[in-house]
Amino acid sequence: MSLAGKTILMSGGSRGIGLAIALRAAADGANIAMLAKTDTPHPKLEGTIHTAAEQIRAAGGQALPIVGDVRDDDDITEAVLKTQGEFGGIDIVINNASVIDLSRSLELGAKKYDLMQDVNVRGTFMLSRAAVPILKDAENPHILSLSPPLNPTPKWLGAHTGYTLAKFGMTMATLGLAAEFARDGIAANTLWPRTTIATAAVQNLLGGDKVMAASRTPDIYADAAYAVLLKPAREYTGQTLIVEDVLEADGVTDFSGYAAIPGTPDSALFPDIFLD
């Protein structure tokens, strides 16, 4: 089983978890098309869509960087057509692009609320929908969204209502697509980690160096995503998956190698949000 020759269309992917997933697939020789905004270096975030493409090629894959915005319907259409034109089809869609703001409801700006809805929910739905006609022709088509299981408890609904709505919206869109296109053999699942992942979002928004040190590397997310994308699409769909559960089901029992700080025991890792 391999992703060799498979074509992935991903939203975002210039850095972090999305790039890690792309590099894992590239190691098999996959084709990676990325629709992302980061055309020039960001003052606080490393990496652009172009540096990501260079890393993908160095890892053994083919890269197609597409500068665009998942909020723009024309950009989505262009990304789908360019990917099909370059690689002859689309096998996998990964909804990686996401905006996070953990502000409480009275402090959350209206524009940021709209941004989270537009990127997280609408972007997931529109990009996936645009690719469905092409996915129908793929041998083992998958849609994978990086969003949490639905857990509508007061703890999470009330923690950061605006962000919770946006992430749960991603999940609901994905589960809806799974049900709607099951007869076409298109799998649609979500994937979320038990612990925080050492990314720029964690560094800048969730707790800085302290939480980064108590996180796992993006490689654990990438390995779990890789495992999901190899599953038979007609049988493995409509699930809200947990990273560690996916790996455990495939026989991985030791996660120590994924610690951002080597030697950090699992008991000292910081739990991610949305999971009890």
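A brief look at the structure comes next.

Rules of the game
Residues numbered from 1 in each chain as written. Predicted model: local features only at pLDDT ≥ 70, side-chain atom pairs only at ≥ 80, totals over all residues. Heavy atoms only, no water. Helix = DSSP H or I, 4+ residues; strand = E, 2+ residues; numbered from the N terminus. Rg over C-alpha atoms; globule rule 2.2 N^0.38 Å. Buried < 20%, exposed > 50% of the residue type's maximum accessible area, 1.4 Å probe, protein only. Contact = heavy atoms within 4.5 Å. Areas by Shrake-Rupley, 256 points an atom, 1.4 Å probe, with all protein chains shown as cover. Lys, Arg positive; Asp, Glu negative; His and termini not counted. Charge placed at Lys NZ, Arg CZ, Asp CG, Glu CD. Pairing = 2+ DSSP bridges. Right-handed = clockwise from strand over helix to strand, strands pointing away. Salt bridge = Lys/Arg side-chain N within 4 Å of Asp/Glu carboxyl O. Axes fitted to C-alpha atoms, helices over the stretch in contact; angles between N-to-C directions. Phe/Tyr/Trp six-rings, centres within 6.5 Å; stacked < 30°, edge-to-face > 60°.

**Side note on the overall build of the protein**
Looking only at helices and strands, the protein has 10 helices and 7 strands in total. On C-alpha atoms alone, the protein measures out to a radius of gyration of 17 Å, which is about the 19 Å that the 2.2 N^0.38 rule sets for 276 residues. Within the protein, the proportion of its 276 residues that are buried is 54%. By sequence separation, contacts in the protein at least 24 residues apart represent 75% of the contacts at least 6 residues apart. Summed over its atoms, the accessible surface of the protein is roughly 12200 Å², and 53% of this surface lies on carbon and sulfur atoms. Charge-centre separation for the protein: the mean point of 22 positive side chains lies 4 Å from the mean point of 32 negative side chains.

**A word on helix α1 (residues 16–26)**
Of all 11 residues in α1, 8 are buried, a share of seventy percent or more. Those residues of α1 not exposed but buried are Ile17, Gly18, Leu19, Ala20, Ile21, Ala22, Ala25 and Ala26. Residues of α1 that are buried make contact with β1 (7–11), β2 (31–36), α2 (49–59), β4 (92–95) and α9 (218–229).

**Examining the pairing of strand β3 (residues 62–67)**
The sheet contact formed by β2 and β3 spans 6 bridges and is parallel. Looking at the pairing, Ala33 lines up with Leu64 of β3. With respect to chirality, the unit in which β2 leads through α2 into the neighbouring parallel β3 is right-handed.

**Points about the pattern of salt bridges**
The final tally for this structure, using the stated rule, is 12 salt bridges. Between Asp28 and Arg24 there is a salt bridge, with its nearest N and O atoms 4.0 Å apart. In this structure, the salt-bridge partner of Arg122 is Asp73, at a minimum N-O distance of 2.9 Å. Remark: Asp73 occurs in helix α3 (residues 73–87) and Arg122 occurs in helix α4 (residues 110–135); sequence separation between them is 49 residues. Looking at Asp73, the relative accessible area reads 36%, which means it is partly exposed. Each of Arg24, Asp28 and Asp223 takes part in a single network of salt bridges with overlapping partners.

**Here we look at the sheet that holds strand β5 (residues 142–145)**
Across the sheet, 7 strands lie side by side as β3-β2-β1-β4-β5-β6-β7; this open sheet has parallel pairing. The open sheet terminates on both sides in strands that have one partner only, identified here as β3 and β7 (240–242). Across this sheet, the average inter-strand angle for adjacent strands is 20°, counted without regard to direction. Where β1 and β2 come together, 5 bridges link them in parallel fashion. Counted as the bridge partner of Met10 is Met34 from β2. Each of β1, β4 and β5 touches α4; the most contacted strand, β4, lies at about 180° to it.

**Quick look at the pairing of β4**
Here β4 shows a buried face lined by Ile92 and Ile94 and a second buried face lined by Val93 and Asn95. Across 4 bridges, the pairing between β4 and β5 is parallel. Bridge pairing links Asn95 to Ser145 in β5. Running through α4, the crossover from β4 to the neighbouring parallel element β5 is right-handed.

**Regarding the packing of aromatic side chains**
One pass over the full model with this rule turns up 5 aromatic pairs. Taking the centre distance of 5.8 Å and the plane angle of 50° together, the rings of Trp156 and Phe274 count as tilted. One end of the pair, Trp156, is in helix α5 (residues 154–157); the other, Phe274, is in the segment after α10 (243–249), and 118 residues separate them in sequence. Owing to a relative accessible area of 8%, Trp156 belongs among the buried residues under this scheme.

**Focus on unusual backbone geometry**
At Phe274, a residue that is not glycine, the phi angle is positive and equals roughly 85°. You can call Phe274 buried: its relative accessible area is 0%.

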